[in-house]
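A structural walkthrough
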Amino acid sequence: RNGTPDLQDRDELLLLIKVVSQATSIDRRRIVVQGVSGTGCGAYAQVLLSPDVFRGAIVENAHMGPWRQYGDQARPGKRMYLFTRTDDFNAPATKELAKAMRRARMHVEYEELLGGHERMTPEELVVAARWMDGVIR
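Conventions used here
Residues numbered from 1 in each chain as written. Predicted model: local features only at pLDDT ≥ 70, side-chain atom pairs only at ≥ 80, totals over all residues. Heavy atoms only, no water. Helix = DSSP H or I, 4+ residues; strand = E, 2+ residues; numbered from the N terminus. Rg over C-alpha atoms; globule rule 2.2 N^0.38 Å. Buried < 20%, exposed > 50% of the residue type's maximum accessible area, 1.4 Å probe, protein only. Contact = heavy atoms within 4.5 Å. Areas by Shrake-Rupley, 256 points an atom, 1.4 Å probe, with all protein chains shown as cover. Lys, Arg positive; Asp, Glu negative; His and termini not counted. Charge placed at Lys NZ, Arg CZ, Asp CG, Glu CD. Expected span 1.5 Å × (residues − 1). Pairing = 2+ DSSP bridges. Right-handed = clockwise from strand over helix to strand, strands pointing away. Salt bridge = Lys/Arg side-chain N within 4 Å of Asp/Glu carboxyl O. Core = buried A, V, L, I, M, F, W, Y, C linked by side-chain atoms within 4.5 Å.

Things to note about the overall build of the protein chain
Looking only at helices and strands, the protein chain features five helices and four strands. Mapped from its N terminus to its C terminus, the protein chain presents α and β elements in the order α-β-α-β-α-β-α-β-α. By the compact-globule yardstick of 14 Å for 137 residues, the protein chain fits well, its C-alpha radius of gyration being 14 Å. With the C-alpha coordinates of the protein chain rotated into their principal frame, the extents come out at 45 × 30 × 25 Å. Residues counted as buried form 45% of the 137 residues belonging to the protein chain. The long-range share in the protein chain, meaning contacts at least 24 apart out of those at least 6 apart in sequence, stands at 64%. Here the protein chain has roughly 7400 Å² of accessible surface; of this, 52% comes from carbon and sulfur atoms. In the protein chain, the 20 positive side-chain charges and the 18 negative ones have mean positions that sit 7 Å from each other.

Pasting the structure below:
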């Protein structure tokens, strides 16, 4: 969520994963988080805080805030799909975030398409999800 403490979000996400895994079979190696803008920051923060839980994140229109706080906890090999649009006010920060994550040896895909501060379309999300799953290299 946007504006809630990252550790509170982590605890709620871990509880959600526990409840879902009790109700159905899930592949714990394929759990990713996704968010837009502030929640995009929260999504990648969760990967940094709980790398044993999350394979990676789909991060839309995010900035460097959580990276400055938790970036030293980055785990090499985590999959991070960073997405922004050319006229998004966070586009420069999203691009810088991709560079920082690559320096930390995370597996990063950076996509920038036309537009402003808008969420991904369903078609764009499918591309991101396929990349996260390793279908698109």
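Topic: helix α4 (residues 91-103)
Because an α-helix completes one turn every 3.6 residues, residues spaced three or four positions apart along the sequence face the same direction. Under the 1.5 Å per step criterion, the end-to-end length of α4 is 19 Å for 13 residues, consistent within 8% with the ideal 18 Å. The first or second residue beyond α4 is Arg-105, which carries a positive phi of 65°.

Brief notes about the pairing of strand β1 (residues 32-36)
Bridging between β1 and strand β2 (residues 56-60) involves five bridges; their strand directions are parallel. Pairing of Val-33 across the sheet is with Ala-57, part of β2. Between β1 and its parallel partner β2, the chain crosses via helix α2 (residues 38-49), and the hand of that crossover is right-handed.

Quick notes on the side chain of Glu-60
Position of Glu-60 among the secondary structure elements: in strand β2. The side chain of Glu-60 is buried and forms no salt bridge, while Arg-119, the nearest opposite charge, is found at 5.2 Å. Beyond its immediate sequence surroundings of up to four residues, Glu-60 is in contact with Gln-34, Gly-35, Val-36, Ser-37, Gly-40, Phe-83, Arg-119, Met-120 and Leu-125.

So, the nonpolar core
Counting 27 residues, the largest nonpolar core has Tyr-44, Trp-67, Met-80, Leu-82, Leu-97, Met-101 and Met-106 as its most contacted members. For this core, the elements supplying multiple residues, two or more each, are α2, β2, α3 (65-70), β3 (79-85), α4 and β4 (107-113). Counting residues per element, this core draws most heavily on α2, which supplies seven residues. Ranked by size, the runner-up nonpolar core spans seven residues in total, among them Ile-58, Tyr-81, Met-120 and Trp-131.

Some points on the environment of Val-53
If you trace the backbone, Val-53 turns up in the loop between α2 and β2. Note: C-alpha distance between Val-53 and Arg-28 (25 residues apart in sequence) is 7.3 Å. Beyond its immediate sequence surroundings of up to four residues, Val-53 is in contact with Leu-14, Ile-17, Arg-28 and Ile-31.

By themselves, these are just geometric observations and shouldn't be taken as functional.
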